[in-house]
Amino acid sequence: MERSHYNGTLRLADVGTKVTLVGWVSKRRNLGSIVFIDLRDRSGIVQVNVDPAKINIDSVRNEYVIQVKGTVEAKEVPNKNLPTGEIEVVADEVVVVNSADTTPLIIADDTDALEDTRLKYRYLDLRRPCLQRNLMIRHKITQAVHEYLDNNDFIEVETPILTLSTPEGARDYLVPSRVHKGHFYALPQSPQISKQLLMVGGLERYYQIARCFRDEDLRADRQPDFTQIDIETSFLDQDQFLTLMEGLIQNIFRKARGIEIELPLRRMEYNDAVEIYGSDKPDTRFDLKLQDLKEVFKNTTFEGFKVQYVKGIVVNDVADKTSRKNIDELVDLAKKFGLKGLTTLKVVEGKLEGSFLKFMSEEEQSSLMSTLNLKNNDLVIIAASDSQHHCCFGLGAIRSFYAKKLNLIKPDTFDLLWVVHWPMFEYSEEQQRYVSAHHPFTRPCDEDLHLLDEDPSKVYAQAYDIVINGYEAGGGSLRIYDRSVQQKIFEVLGFSQEDIQRKFGFFIDAFKYGTPPHGGMAFGLDRLTMILAGTDNIRDVIAFPKNLSAVCPMSQAPGVVDEQQLKDLGIAITEFEK
RNA sequence: GGACCAGUGGUGUAGCGGUUAACAUGCCUCCCUGUCACGGAGGAGAUCGCGAGUUCGAUUCUCGUCUGGUCCGCCA
């Protein structure tokens, strides 16, 4: 089709130019003997001026596809809201290329349609400039990845989508085999096994923009199929690797948004993140740190405080605005994180106030005042638990709650840090055994190896997460390449020799033949795009996302299939609850 | 698996134990030469998600159910 310019690129310098434009009718303004059309294409909108006495466009409606031939002219009164606002195209000819029914949603950034409607008509939703911008940012991120990693000797390798189900970890999406009835492929939760085998295969530096699949419940920032920037390297220690990755992050921010990130990035120990920020992915754009109160309450008479962890946060200048109802909200929030309750105190006229005072001695009160450096109108929120997880994460949630409520976060600011030195294992009460905090191939810290026998809970791993604005934007680890260490880890996890052979047989075998020290990480491309696009909804950065019940509102996937298809696969549907 | 919130013209919302179910936007017709979310006049368009219950009467109250959203569990 004939087309001379992108609509959104025309400027004052183009005045006098004969142009041929194509696009969608974004808006038609009929003033009687003059008609204006806002013509939209991917690049933006330009105003077309039509004289209805010469050109009949009575039939043209919103979202018609048209071709316009005309001349660029300067406007008498520019429209400052539009990049093309200083000019308009005076039409000589308008060709209706295709008509359009009335759309179920308004095609504009400030559409009023609910997300469900938008997803049902996603192809219309995608015409909105903000979504096109998001997908453009996503594209720029992947281009920045290709560029940087290629410059640093990485090679892109594709790994199988039809793989073997991996034990541990998330629930797999399964694909039945027609050739081998009763056997199933699994879609990869990540190319973890493949990329480590590529290191055994001597590729040294691998990457892939990899689609991953996890059959778990969804969230605002989680989709069942999502994309990782998947990376693995050989012969690098943790520092060398993180430094290499920092360059990648820098290039991504620069190319996708023109933002300069200062290197090196801060590195925070996992334990500090949890104890000080109440999160393993702390947002350090605001303060509100957790403070340890174990010492203050060391002689407490209150049973609830005779526990391992007593911590508090201080919110300045809100005590007088905090009602009983507000406190109840906080307690509800804390309960979600396994806390039984919260203790709150207010500072009024230099003195603590609150029903909890009856459990506090004079010394405790003054000790609390000085430890927390309390001032008038401060609100003190205290949590106590034998579980570090419950105490810290509960307060961490309250910390985030207040950051949002009090607007403590400046928009369009970026806070990047590494969380390093993660625990190797977590104890699963449910399974009554240790489970991997990361995965079973994570390399323990050398200095902790001797603890594998005596106390696995004290063993830390050479693992790291990149945290941006409180989001886990990626994570990884160095991997075990010593077979005796790997054997030891399996023992701690309680796997028998048969388990190991059955679950990881071919993988473990590969490590017999000269495995290089290796490690890597994966960035969540969707989350990275969310952060750089400034949205908190993962669906805003994915072209065709699924809703919270893992359904595509547009195609209605997943669907039922023909009887014959099931027969071919040797599959029978048994009764199930809807 | 669980908690909470929402479901009313095409779209987004308001409302209320008895209404002609309101508003905005979109749509249709007409008027308008400088709009840019144009303006003006008129019009069409809703069995108030579904089922049961309470009631003389339910869109409104109750219960159930379905759908959507946010979160907890889960996501090595």
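Residues numbered from 1 in each chain as written. Chains lettered and ligands numbered in written order. Predicted model: local features only at pLDDT ≥ 70, side-chain atom pairs only at ≥ 80, totals over all residues. Heavy atoms only, no water.

### Digging into the sheet that holds strand β5 (residues 87–98)
Taken together, five strands build a closed barrel; the order of strands is β1-β2-β3-β5-β4 and the barrel is mixed. Shown here is a sheet whose adjacent strand axes are inclined to one another by a mean of 55 degrees, direction ignored. Relative to strand β4 (residues 65–74), strand β1 (residues 18–30) is paired through seven bridges, and the arrangement is antiparallel. Following the sheet pairing, Thr-20 is matched in β4 by Lys-69. (Pairing = 2+ DSSP bridges. Helix = DSSP H or I, 4+ residues; strand = E, 2+ residues; numbered from the N terminus. Axes fitted to C-alpha atoms, helices over the stretch in contact; angles between N-to-C directions.)

### Section: the sheet that holds strand β20 (residues 460–468)
Hydrogen bonds between backbone groups are what pair the strands of a sheet, and the pairing can be parallel or antiparallel. Taken together, eight strands build an open sheet; the order of strands is β6-β9-β10-β22-β21-β20-β17-β11 and the sheet is mixed. Edge positions in the sheet fall to β6 (155–156) and β11 (266–269), since each has one partner strand and no second. As paired strands, strand β10 (residues 225–234) and strand β22 (residues 518–524) are joined by seven bridges and run antiparallel to one another. What sits directly across from Gln-228, in β22, is Gly-524. Contacts from helix α5 (residues 238–257) reach β9 (205–213), β10, β11, β17 (416–423), β20, β21 (471–478) and β22 within the one sheet, and its direction differs from that of β17 by about 150 degrees. Together, β11, β17 and β20 form the strand contacts of helix α6 (residues 270–277), whose direction differs from that of β11 by roughly 80 degrees. (Contact = heavy atoms within 4.5 Å.)

### Looking at the protein's contact with RNA strand B
What surrounds RNA strand B is a group of 46 residues, the closest being Lys-27, Arg-29, Asn-30, Arg-61 and His-438. Sugar and phosphate atoms form 55% of the subset of RNA strand B atoms that lie within 4 Å of the protein. Contact between RNA strand B and Val-77: a base nitrogen at 2.7 Å from a main-chain N or O atom of the residue. For RNA strand B, a base nitrogen lies 2.8 Å from a polar atom in the side chain of Arg-222. Looking at the surface near RNA strand B, the elements with two or more residues in it are β1, β3 (44–50) and α1 (115–120). At three residues, the largest contribution of residues to the surface near RNA strand B is made by β1. Of the residues that constitute the surface near RNA strand B, the class distribution is 13 nonpolar, 18 polar and 15 charged. (Near = heavy atom within 4 Å. Polar contact = N/O pair within 3.5 Å; in protein donor to acceptor, adjacent residues only side chain to side chain. Nonpolar A, V, L, I, M, F, W, Y, C, P; charged D, E, K, R; others polar.)

### Remarks on helix α4 (residues 192–200)
Here α4 has its buried residues at Gln-192, Ile-193, Lys-195, Gln-196, Leu-198 and Met-199. At the C-terminal side of α4, Gly-202 shows a positive phi close to 80 degrees. (Buried < 20%, exposed > 50% of the residue type's maximum accessible area, 1.4 Å probe, protein only.)

### Looking at the packing of aromatic side chains
If you walk through the whole model with that rule in mind, you get 22 aromatic pairs. With 4.8 Å between their ring centres and 40 degrees between their planes, Tyr-270 and Trp-422 make a pair best called tilted. One end of the pair, Tyr-270, is in helix α6; the other, Trp-422, is in strand β17, with 152 residues separating them in the sequence. Both residues of the pair, Tyr-270 and Trp-422, count as buried. Three or more aromatic residues joined by ring pairs form one cluster here, namely Phe-441, Phe-490, Phe-495, Phe-504, Phe-507 and Phe-511. (Phe/Tyr/Trp six-rings, centres within 6.5 Å; stacked < 30°, edge-to-face > 60°.)

### Here's the deal with the environment of His-518
Checked against the element boundaries, His-518 lands in strand β22. Along the chain, His-518 and Ser-33 lie 485 residues apart, while their C-alpha atoms are 72 Å from each other. Apart from residues no more than four positions distant in its own chain, His-518 is found in contact with Gln-196, Met-199, Glu-232, Thr-233, Ser-234, Arg-443, Leu-478, Arg-479, Ile-480 and Phe-511.

### So, unusual backbone geometry
A cis geometry characterises the amide bond from Leu-263 onward to Pro-264, with omega recorded as -5 degrees. Positionally, Pro-264 belongs in the loop between α5 and β11. Omega for the peptide link from Ala-557 to Pro-558 comes to 0 degrees, which places this bond in the cis form. Tracing the backbone shows Pro-558 in the loop between α13 (525–533) and α14 (563–569). Although it is not a glycine, Glu-204 adopts a positive phi angle of roughly 65 degrees. Here Glu-204 lies in the loop between α4 and β9.

### Regarding helix α7 (residues 324–336)
With 13 residues, α7 should cover 18 Å at 1.5 Å per step; its first-to-last C-alpha distance of 19 Å lies within 8% of that length. Here the buried face of α7 lies against β14 (343–348), β16 (379–385) and α9 (388–405). The positive-phi residue at the C-terminal boundary of α7 is Gly-338, with phi of around 90 degrees. (Expected span 1.5 Å × (residues − 1).)

### Notes on the pattern of salt bridges
When the charged atoms of two side chains lie near each other, side chains of opposite charge can form a pair. Tallied over the full model, the rule gives 37 salt bridges. A salt bridge links Lys-195 to Glu-232; the nearest nitrogen and oxygen atoms lie 3.5 Å apart. With Lys-195 in helix α4 and Glu-232 in strand β10, this pair connects stretches of sequence that are 37 residues apart. The buried category is assigned to Lys-195, whose relative accessible area is 1%. Several salt bridges share partner residues, and in doing so they unite Arg-118, Arg-122, Asp-125, Arg-128 and Asp-540 into one network. (Salt bridge = Lys/Arg side-chain N within 4 Å of Asp/Glu carboxyl O.)

### Considering a nonpolar patch on the surface
A contiguous nonpolar patch, built from Met-1, Val-95 and Val-97 and spanning about 280 Å² of accessible area, is present on the exposed surface. For Val-95, a relative accessible area of 31% translates into the label partly exposed. (Patch = residues over 30% accessible without salt bridge, like charges linked within 9 Å, V, L, I, M, F, W, Y side chains within 5 Å. Areas by Shrake-Rupley, 256 points an atom, 1.4 Å probe, with all protein chains shown as cover.)

### Regarding the packing of α4 against helix α12 (residues 497–510)
In contact at an axis separation of 10 Å, α4 and α12 are set at 20 degrees when each is read in the N-to-C sense. The angle between α4 and α12 falls in the class roughly parallel. Relative to α12, α4 is oriented so that their crossing is left-handed. Contacts between α4 and α12 involve Ile-193, Gln-196, Leu-197 and Val-200 from the first element and Phe-506, Phe-507 and Ala-510 from the second. Counted by class, the contact of α4 with α12 contains six nonpolar, one polar and no charged residues. (Parallel < 35°, antiparallel > 145°, perpendicular 65-115°, else oblique. Left-handed = near helix turned anticlockwise from the far one by under 90°.)

### Examining the side chain of Arg-443
Residue position: Arg-443 is located in the loop between β19 (433–436) and α10 (451–454). Within the buried set, Arg-443 has no salt-bridge partner at all; the shortest N-O distance to an opposite charge, 5.8 Å, is to Asp-446. Among the polar contacts listed, one links the side chain of Arg-443 to the backbone oxygen of His-518, at a separation of 3.4 Å. The contacts of Arg-443, once residues within four sequence positions are left out, are Met-424, Ala-461, Gln-462, Leu-478, Arg-479, Ile-480, Tyr-481, Pro-517 and His-518. (Lys, Arg positive; Asp, Glu negative; His and termini not counted.)

### Description of the confidence of the model for chain A
Predicted coordinates in areas of low pLDDT are best not read in detail. For chain A, per-residue confidence averages 92 on the pLDDT scale, and residues scoring 70 or more make up 99% of the total. Highest mean pLDDT in chain A belongs to β6 (98); lowest belongs to α7 (82). Across the interface, the model reports ipTM at 0.89; the global pTM reads 0.92. (pLDDT = per-residue confidence, 0-100.)

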